[in-house]
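# Chain and residue survey
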Number of protein chains: 2
Amino acid sequence: MIFNRTTEYAFRIMSFLASDKEKLHNTSDIFDALHIPFRYLRKQMTVLTKTGLVVSIQGKYGGYMLAKKEKDITLWDIVIAMHDKLFETNCFFGYEKCALSQHCMMHSRWAGVKEMIENILKTTTLEDFKKENMHDLIKMSDQ
Amino acid sequence: MIFNRTTEYAFRIMSFLASDKEKLHNTSDIFDALHIPFRYLRKQMTVLTKTGLVVSIQGKYGGYMLAKKEKDITLWDIVIAMHDKLFETNCFFGYEKCALSQHCMMHSRWAGVKEMIENILKTTTLEDFKKENMHDLIKMSDQ
DNA sequence: TATAAATAATACCTAAAGGTATCATATATG
DNA sequence: CATATATGATACCTTTAGGTATTATTTATA
């Protein structure tokens, strides 16, 4: 598990919302599709709302939808919104100062890993997760 | 922090032991060099001993040394010994079944990341962390 | 053989992530 | 305007990783 569980949940939720942008999805819809623990999902939806990634409509027939177009939301945006600590330190050994002065043997190799991950996250948008692809994925996890 | 803290500690400890294989290092030596919380370090040294990565000598003037030659201990061995959950799931979204049936949009890209990390860990041995390099690194983190 | 100095074993404590429960607030519609 | 059904806020519970404390065991050597 490279990302923490909450970040993975956010990926799933945002991808699901992207799969059918027109409709407003309430928590039960999302729960039925993704089976994230219901009350935790409720809480996380308000977090996603506060970060500005989704827009909520309160009251009867309310729900959630993406705040921006799919192509304008990257996976990187989601990681940042979830405050995932993955990108907190740069040093392979977790040394704070490693990046600032002389580099250790691992440094360049590890920098390559982080760069690759960052690059994937920054260039992948929710546009890449629309329709069939997402539904297939959800069905699979359900088996 | 891609690896958990305990795994990072293990990387530091094993690298330190590799930096001067002849001498037997006791917990105080390792603590003076790495400043891992002393009592936690004590505990972790016995874990490393039980996994077979290090050999301990009990009694007065006892301590720890690598169980094998530096070139025969990879970073991968250390990750496995620490039961790091990094490589537990393969799916970007954390879906258990993803790898087994149809693959999601992220799958090949993410498989590339994991493969790159695994490759680095499996091909880097403690031989790469000997002498000056390690001492410099430790000094840096101390500032 | 007594002692000092090391590791081993075990139990407990703490902080953070993940998850649950309850009550408050918003709003469409009869 | 009452009600049903949605989200918002808040407090609390649980699990796990990380860290601490205490006692037991080992062993070199005076």
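The paragraphs below set out a description of the structure included in this document. Just so it is clear, the structure is predicted and the values come from calculations on it, not from any experiment.

Quick notes on the rules
Residues numbered from 1 in each chain as written. Chains lettered and ligands numbered in written order. Predicted model: local features only at pLDDT ≥ 70, side-chain atom pairs only at ≥ 80, totals over all residues. Heavy atoms only, no water. Helix = DSSP H or I, 4+ residues; strand = E, 2+ residues; numbered from the N terminus. Buried < 20%, exposed > 50% of the residue type's maximum accessible area, 1.4 Å probe, protein only. Contact = heavy atoms within 4.5 Å. Areas by Shrake-Rupley, 256 points an atom, 1.4 Å probe, with all protein chains shown as cover. Core = buried A, V, L, I, M, F, W, Y, C linked by side-chain atoms within 4.5 Å. Expected span 1.5 Å × (residues − 1). Arc of directions from axis to C-beta. Salt bridge = Lys/Arg side-chain N within 4 Å of Asp/Glu carboxyl O. Near = heavy atom within 4 Å. Polar contact = N/O pair within 3.5 Å; in protein donor to acceptor, adjacent residues only side chain to side chain. Nonpolar A, V, L, I, M, F, W, Y, C, P; charged D, E, K, R; others polar.

## Things to note about the overall build of chain A
The number of helices and strands found in chain A is 6 helices and 2 strands. Sequence-ordered secondary structure for chain A, helices as α and strands as β, is α-α-α-β-β-α-α-α. Taken over 143 residues, chain A has a buried fraction of 47%. A fraction of 65% describes how many contacts in chain A between residues 6 or more apart in sequence connect residues 24 or more apart. When the accessible area of chain A is evaluated, it comes to approximately 7400 Å², of which 50% is carbon and sulfur surface.

## With respect to the nonpolar core
Core analysis: the biggest nonpolar cluster contains 86 residues, and A:Phe3 and B:Phe3 have the highest contact counts within it. Excluding residues that lie within four positions of it along the chain, B:Phe3 makes contacts with A:Phe92, A:Trp110, B:Glu8, B:Phe11, B:Val79, B:Asp84, B:Leu86, B:Phe87 and B:Leu121.

## Focus: helix α5 (residues 107–123) of chain B
The terminal C-alpha atoms of α5(B), which comprises 17 residues, lie 24 Å apart, in line with the 24 Å expected from a rise of 1.5 Å per residue. Among the residues of α5(B), those classed as buried are B:His107, B:Trp110, B:Val113, B:Lys114, B:Ile117, B:Ile120 and B:Leu121. The arc that holds every buried residue of α5(B), seen down its axis, measures 165°, which confines them to one face. Among the exposed residues of α5(B), those pointing more than 90 degrees away from its buried face are B:Ser108 and B:Glu115. Those residues of α5(B) that are buried lie in contact with α5 (107–123) of chain A together with α4 (75–81) of chain B.

## With respect to the pattern of salt bridges
Residue and element names in this part refer to chain A. This structure, assessed with the given rule, holds 6 salt bridges over all chains. With a closest N to O distance of 3.0 Å, Lys23 and Asp29 form a salt bridge. Lys23 gets classed as partly exposed once you look at its relative accessible area, which sits at 42%. Asp72 is the salt-bridge partner of Lys71, the closest N and O atoms lying 3.2 Å from each other.

## Focus on the protein's contact with DNA strand D
In the vicinity of DNA strand D, 28 residues are found, and the nearest of them are A:Thr46, A:Ser56, B:Thr6, B:Arg39 and B:Lys43. At 3.5 Å, a backbone N or O of A:Lys60 approaches a base oxygen of DNA strand D. Residue B:Lys85 places a side-chain N or O atom 2.9 Å away from a phosphate oxygen belonging to DNA strand D. Counting residues per element, the ones that place at least two in the surface near DNA strand D are α3 (38–50), β1 (54–57) and β2 (63–66) of chain A together with α1 (5–19) and α3 (38–50) of chain B. For the surface near DNA strand D, the element with the most residues is α3(A), which contributes 5 residues. Tallied by class, the residues present in the surface near DNA strand D amount to 6 nonpolar, 13 polar and 9 charged.

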